[in-house]
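# Descriptive structure summary
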Amino acid sequence: MSALSPESWQYRQLNARAPSLSTLADTLIELAEAGHPVVACTADLQYSNGLIGFARRFPERLLQFGISEQNMVSAAAGIASTGLMPFAATFASYLALLCCEQIRTDCAYTALPVRLVGHHAGIALGFYGTSHHATEDLAAMRSIADLTVVAPADGPQLAAAIRASVSHPGPIYFRISRGHDPVVYGKDLSFEIGKAITHFEGTELTVLACGTMVSPALQAVNALRAAGRSVGLIDMHTIKPLDRDAVIAAARGSRALLTVEEHNVLGGLGGAVAEVLADLGGAPPLRRHGIQDCFSLIAPPTHLYQHYRLDAAGIESVARELLGS
Amino acid sequence: MTAAALSNALTAEKIALLKERATFVRTETVRLIAIAKVGHYSSTFSCAEIFSVLYYDAMRLSRGNPKWPERDRFLMGKGHAAVGLYPLLADWGFFPKELLDGYTRLGSPLGDHPDMRLVPGVDFSSGSIGHALSAGLGMVLGGRVQKLDFDVYVLLGDGEMQEGQVWAAAMAAAHHKARNLVAIVDRNRFQLDGQIEEVMGIEPLADKWRSFGWEVHEVDGHDVAALAILLRRLKADLARERPVCVIAHTLKGKGVKFMETEPGWHLGYLAPEDEARVLAEITAGGGPA
C-alpha cells in the first residue's frame with residue numbers, strides 16, 4: 001500500500017493504529033453498544049486518534065468541531081450537561097494547554113462528566129517539535145480541583161480506565177500516547193481509578209512510573225531483579241487523586257524512590273510524589289526522572305526516549321546510579 | 001401562526017406583565033447589590049427586558065422543576081448580570097426566595113457570576129467571557145443525539161464579540177445547522193475600558209453573523225412587545241435550519257438616568273440615599289420609555 005520502507009517511522013505510524021488509539025474507539029463502541037450515553041468529539045484529528053472507527057459505527061455520535069479545540073471543550077461541557085458522556089480528544093499539547101481554562105471553568109468547576117483524552121502526550125510526536133509535545137499537561141491538569149487525571153500504561157489499561165470512567169461522576173483527563181505502546185497488561189486486568197498497581201516490592205529502591213514509562217520501567221526493574229537487586233515497581237496510573245498510601249508504603253519499605261514520567265520533572269508524577277513525601281517527613285531520597293525542565297530536541301520518538309534515558313536501558317542506568325552500582 | 005397573529009396574541013396584560021417583570025429585575029438588582037455592596041447595575045439594567053421576555057414568555061420551563069430535561073436552556077456569556085437572573089429563578093420556584101437575602105455573603109450559592117452546581121435553575125456556569133455560545137451549541141448537539149428539541153438561548157455581551165471562541169462557536173453552529181440555538185447580543189455599546197467601537201470595534205456586527213451563516217434580527221432590546229413577538233416567531237419557525245442571532249439594541253444602565261449617561265457605572269455601589277432615589281426612578285419608569 002505504500003512506497004515507504006516498513007522500517008520507517010512514517011510507515012509504522014500509518015499502519016499501527018493499534019493498540020491504544022484503536023482501543024479508544026473500540027472501547028467507546030463497546031460502551032455505546034451496551035447502552036451507555038457516550039459521544040465522541042474531535043477537532044480535525046479523527047484519523048490521528050482513531051475515533052474514525054467510532055464515527056463509522058455511530059456516525060450521529062461523532063461530533064466534529066474542526067480546528068477549534070477550545071470550542072470543542074466548552075461544547076463538550078454543554079453536551080455533558082444534557083446527560084451524555086462526551087469523550088473529547090485532541091493532541092495533549094492543545095487539550096491541556098490551549099484549552100486549560102475551558103477545562104477548568106467549563107468542565108471541572110461544573111463537575112460535568114466530560115472525558116478529555118489528550119493523545120500523543122509527552123514527546124511522542126518526536127520531530128514535530130515543541131508545539132506538538134506535551135510535557136506540561138500533567139502539571140497543569142493536576143492543579144485543577146475536582147479533575148481526575150489518569151495516564152494509562154497501554155491499550156488494555158486504557159480500555160479498563162474508560163470502562164471504569166462510566167461510573168465516575170466528575171470530569172477526567174486521560175493522558176495517552178500515540179498508540180504504539182508495548183502491551184504490559186492482559187485483557188483481564190483489574191483497574192480502579194486512584195488505586196496504584198504494585199508490580200513488585202523492593203527494599204533497595206522502588207520505581208514509580210506512569211503511562212508510557214511503565215513498560216520500559218518494568219523491563220528495567222526485571223533486569224535489576226534478575227541481577228539480584230531488591231527493586232520494586234508501582235504503576236501510578238492515576239496522577240490525581242494520587243494513591244498516597246502506595247507512595248507512603250514504598251517510602252517506608254525502600255531506601256530510595258525513583259519516579260519515571262514522560263513529562264517535565266516539575267509538577268507531574270515526580271512533583272506529586274514529592275509532595276506526599278514532604279508531608280510525610282523523614283522520607284528516603286527521591287529522584288525525579290523525566291524531562292529536566294527543558295524543551296525536547298527534535299528526533300524520532302524512539303531516539304528521543306533513548307536520548308532522555310526514558311527507554312528501558314536509560315531507566316535501568318538511572319536506577320543503578322541510585323543503587324550505587 | 002403569522003406574524004400578525006402572533007402579535008395579536010400578545011395581550012395588553014401580557015405586555016404589562018413583561019414590563020413589570022423587567023422593573024422587578026431592576027429593583028431586585030438594586031436590593032441585592034446593596035447586600036454585596038458592589039455589583040454590575042448597568043450591565044444588568046441593559047438586559048432586564050431580555051430576562052423578562054425570556055423567562056415570562058419565550059422559554060419553555062416547568063415551575064419548581066429546574067432539571068426538567070425538555071426545558072429550554074439559558075446561558076449567560078455576560079455572567080456578570082446574574083444578579084438580575086437570580087430573582088427570576090427564585091420566582092420560578094427553583095430555589096427558596098430567602099436565599100436572595102444572603103446574596104454573595106459567605107457560603108451563599110449566589111455570586112456575581114452564576115454557578116450551576118450551586119444554583120438550581122442556572123443551566124451553565126459562567127464568568128469567563130466567550131465560552132457560553134460553545135456550551136450552548138453543545139447543549140443543542142446533546143439534545144439532538146437524544147431526540148430532544150429544546151431551544152437554547154445564549155445572552156452575549158457585545159464586548160464578548162471580541163473573543164475568538166465566539167466565532168469558532170458561530171462557525172460550528174451554522175455548520176451543524178443548530179436551528180435551536182438563539183444568540184442574543186446585548187448591544188449596549190460599552191465595555192470596561194470605554195465605548196466598544198473605541199476599544200475594539202465589532203461592526204458591521206449583523207453582517208459578521210450573516211456571513212457566518214446565521215439568521216440575524218435586530219430589535220429594540222427594551223421593547224418587550226417587539227422582543228416577545230420576535231422570539232415567538234423564531235419558536236414557531238420550524239422550517240429554519242440556521243441558528244439565529246438577535247442583536248438587541250440596548251442602553252447600558254437603562255432606567256436610571258445618571259447610569260445611562262455615566263459609563264463608570266459598569267461596577268459600582270449606591271449610597272443608601274441614592275438607592276432610594278434610584279428605586280423611585282425605576283419604579284416610576286415602570287418599563288421602556
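Residues numbered from 1 in each chain as written. Chains lettered and ligands numbered in written order. Predicted model: local features only at pLDDT ≥ 70, side-chain atom pairs only at ≥ 80, totals over all residues.

## Details of the overall build of chain A
Across its full length, chain A holds 13 helices and 12 strands. Scaling as 2.2 N^0.38, a compact globule of 325 residues should have a C-alpha radius of gyration of about 20 Å, and chain A matches this with 19 Å. Its C-alpha atoms give chain A principal-axis dimensions of about 60 × 50 × 35 Å. In chain A, buried positions account for 58% of the 325 residues. Restricting to contacts in chain A with at least 6 residues of sequence separation, those with at least 24 account for 78%. (Helix = DSSP H or I, 4+ residues; strand = E, 2+ residues; numbered from the N terminus. Rg over C-alpha atoms; globule rule 2.2 N^0.38 Å. Buried ≥ 20, exposed ≤ 12 C-beta atoms within 10 Å, placed from the backbone. Contact = placed C-beta atoms within 7 Å.)

## Some points on the sheet that holds strand β10 (residues 238-240) of chain A
Residues and elements named next belong to chain A. Taken in spatial order, the 7 strands make up an open sheet running β2-β1-β3-β4-β6-β5-β10, and their pairing is mixed. The open sheet is flanked by β2 (62-64) and β10, the only strands paired with a single partner. Adjacent strand axes in the sheet meet at a mean angle of 20° when their direction is disregarded. Both strand β5 (residues 148-150) and strand β6 (residues 172-175) contribute to a ladder of 3 bridges, which runs parallel. Following the sheet pairing, V150 is matched in β6 by F174. Packing of helix α4 (residues 69-81) onto the sheet brings it into contact with β1 (38-42) and β3 (85-91), and relative to β3 it is tilted by some 170°. (Pairing = 2+ DSSP bridges. Axes fitted to C-alpha atoms, helices over the stretch in contact; angles between N-to-C directions.)

## Re helix α8 (residues 155-165) of chain A
Most of α8 of chain A sits inside the fold, with 9 of its 11 residues counted as buried. Residues of α8 of chain A that are buried: G155, P156, Q157, L158, A159, A160, A161, I162 and S165 of chain A.

## Observations concerning the packing of helix α2 (residues 12-36) of chain B against helix α4 (residues 48-58) of chain B
Residue and element names in this part refer to chain B. With their axes 8 Å apart at the nearest point, α2 and α4 run at an angle of 125° to one another. Comparing their axes, α4 and α2 come out oblique. Handedness of the crossing formed by α2 with α4: right-handed. On α4, the residues touching K14, L17, L18, R21, A22, V25 and R26 of α2 are A48, E49, F51, S52, V53, Y56 and D57. Of the residues that constitute the contact of α2 with α4, the class distribution is 8 nonpolar, 1 polar and 5 charged. (Parallel < 35°, antiparallel > 145°, perpendicular 65-115°, else oblique. Left-handed = near helix turned anticlockwise from the far one by under 90°. Nonpolar A, V, L, I, M, F, W, Y, C, P; charged D, E, K, R; others polar.)

## Concerning the interface of chain A and chain B
One frequently used descriptor of interface size is the decrease in accessible area upon assembly of the parts. Contacts between the two partners involve 26 residues from chain A and, on the opposite side, 22 residues from chain B. Among the elements of the structure, α4 and α6 (100-108) of chain A are those that each provide at least two residues to the side of chain A that touches chain B.

## Looking at the environment of L147 of chain A
All names here are of chain A. Along the chain, L147 turns up in the loop between α7 (137-142) and β5. With 134 residues separating them in the primary sequence, L147 and G281 have C-alpha atoms 27 Å apart. Those residues in contact with L147 that sit more than four places away from it in its chain are I103, A108, M141, P171 and Y173.

## Some thoughts on the environment of D181 of chain A
Residues and elements named next belong to chain A. For D181, the position within the fold is in the loop between β6 and β7 (197-200). Since 24 C-beta atoms lie within 10 Å of it, D181 is described here as buried. Along the chain, D181 and A153 lie 28 residues apart, while their C-alpha atoms are 7.6 Å from each other.

## Examining the nonpolar core
Among the nonpolar cores identified, the biggest contains 188 residues, and V207 and A217 of chain A are the most heavily contacted of them. Here the element with the most residues in this core is α4 of chain B; it accounts for 8 residues. Each of domain 1 (9-175) and domain 2 (197-323) of chain A gives at least three residues to this core. The residues touching V207 of chain A, leaving out its near neighbours within four places in the chain, are A217, V221, V231, G232, L233, L258, V260 and A319 of chain A. (Core = buried A, V, L, I, M, F, W, Y, C linked by C-beta atoms within 7 Å. Domains from an automatic or database assignment.)

## A short note on the domain arrangement of chain A
Residue and element names in this part refer to chain A. What the domain assignment reports for chain A is domain 1 (9-175) and domain 2 (197-323). Domain 1 and domain 2 are separated by 25 Å when their C-alpha centres are compared. Counting residues per element, the ones that place at least two in the side of domain 1 that touches domain 2 are α7 and β5.

## Side note on the pairing of strand β4 (residues 115-119) of chain A
All names here are of chain A. Buried residues dominate β4, accounting for 5 of its 5 residues. Side chains R115, V117 and H119 of β4 all project onto a buried face; the interleaved residues L116 and G118 project onto the opposite face, where all are buried too. Across 5 bridges, β3 lies against β4 in parallel orientation. By the bridge assignment for β4, F91 is matched with H119. Pairing analysis gives 4 bridges linking β4 to β6, with the strands arranged parallel. Bridge pairing links R115 to I172 in β6.

## Some thoughts on the sheet that holds strand β11 (residues 257-264) of chain A
Residues and elements named next belong to chain A. Read across the sheet, 5 strands follow the order β7-β9-β8-β11-β12 without closing on themselves; strand pairing throughout is mixed. Among the strands making up the open sheet, the edge pair consists of β7 and β12 (286-291). Ignoring strand direction, the axes of neighbouring strands in this sheet form an average angle of 20°. Lying on the sheet, helix α10 (residues 244-253) is in contact with β7, β8 (205-209), β9 (231-235) and β11; it crosses β9 at an angle near 175°. Running over the sheet, helix α11 (residues 269-280) touches β8, β11 and β12 and is turned about 145° from β11.

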